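What follows is each chain in one-letter form.
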Amino acid sequence: MKLAKFMAVLVGAAAMVGCAASEANNEVCSKEQAVVETIMTRRSVRNYTAEPVNREQMAKILECGIYAPSAMNMQPWAVRVVDAPDFIEGVTNIAVEQNPQLKEQEGFRNFFRNAPTVAFIACPVESYSGEYDCGLLSENMMLAAWSMGVGSCCLGSVVPVMNSEAAKPYLERLQLPEGYKLQVAIAFGYPEPNSTKEPERDLTKAYYVE
Ligand SMILES: Cc1cc2nc3c(=O)[nH]c(=O)nc-3n(C[C@H](O)[C@H](O)[C@H](O)COP(=O)(O)O)c2cc1C
């Protein structure tokens with residue numbers, strides 16, 4: 001298939017699906033529509049209500065993460081969820097001390113994009129494909145969350161702060177296994193209105209070769 005035709009199929013597929021459209025016509029939303037719509041509508045959320053994610057919902061989100069594929073099913077991840085306000089506030093204070101400009105962000109409440117719940121994802125320092133596997137786990141979690149009305153945002157910027165000397169007590173509180181490093185944090189929470197952007201995608205990066 002020529003590139004232009006392939007792109008047209010991709011774009012067309014994105015435009016045609018939509019559970020909202022099906023439901024408006026009293027049609028059942030198919031599994032394909034639900035999955036594609038979840039993937040295509042998920043966006044990083046950068047402002048949340050103060051309500052922590054319901055722990056039952058979070059348990060399902062974690063389970064979806066753990067069902068991600070991993071090389072040789074090694075499941076080389078360690079995930080720690082925090083919704084303790086003192087933890088979030090403590091790390092925020094350290095981050096602000098290291099970078100006072102953070103406080104100038106509009107509506108700034110905490111360093112985790114104002115999220116009330118944060119998942120810390122760690123993987124082994126030495127491993128065959130730990131970082132890749134952790135990425136798959138992370139995306140599963142974010143998509144599962146989005147399908148439940150829970151927003152999320154991957155936060156690589158949290159890692160250097162958590163690894164700094166000042167944050168050592170907080171890193172220790174995560175009880176990561178020996179030989180593991182913090183890979184990323186993921187903010188979770190219920191989105192505030194207008195808390196997402198619509199970054200464009202470059203569809204020319206994937207195509208068939210004959
Ligand atoms: C590994 C990784 C690290 C990221 N770190 C940050 C971050 O520190 N702060 C932030 O606001 N967004 C961060 N993001 C979110 C990206 O900016 C976002 O996914 C990208 O702009 C595409 O937007 P979308 O998720 O809304 O589609 C990160 C995403 C990934 C995958």
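Residues numbered from 1 in each chain as written. Predicted model: local features only at pLDDT ≥ 70, side-chain atom pairs only at ≥ 80, totals over all residues. Heavy atoms only, no water.

Q: Tell me what's going on with the domain arrangement of the chain, and back it up with residues and numbers.
A: Each assigned domain of the chain is listed here: domain 1 (3-41) and domain 2 (55-189). Domain 1 and domain 2 are separated by 30 Å when their C-alpha centres are compared. (Domains from an automatic or database assignment.)

Q: So, the state of the cysteines: which residues are in play, and what are the values?
A: The full count for this structure, using the stated rule, is 1 disulfide. Across the disulfide from C19 sits C29; the S-S distance is 1.8 Å. Placement of C19 in helix 2 (residues 19-24) and of C29 in the loop between helix 2 and helix 3 (31-41) is noted, with a sequence separation of 10 residues between them. With no disulfide partner, C64 has as its closest neighbouring cysteine sulfur the one in C154, 16 Å distant. Using a relative accessible area of 27% as the deciding quantity, one classes C64 as partly exposed. The cysteine C123 is free of any disulfide, with C134 supplying the nearest cysteine sulfur at 4.1 Å. (Disulfide = S-S within 2.5 Å. Helix = DSSP H or I, 4+ residues; strand = E, 2+ residues; numbered from the N terminus. Buried < 20%, exposed > 50% of the residue type's maximum accessible area, 1.4 Å probe, protein only.)

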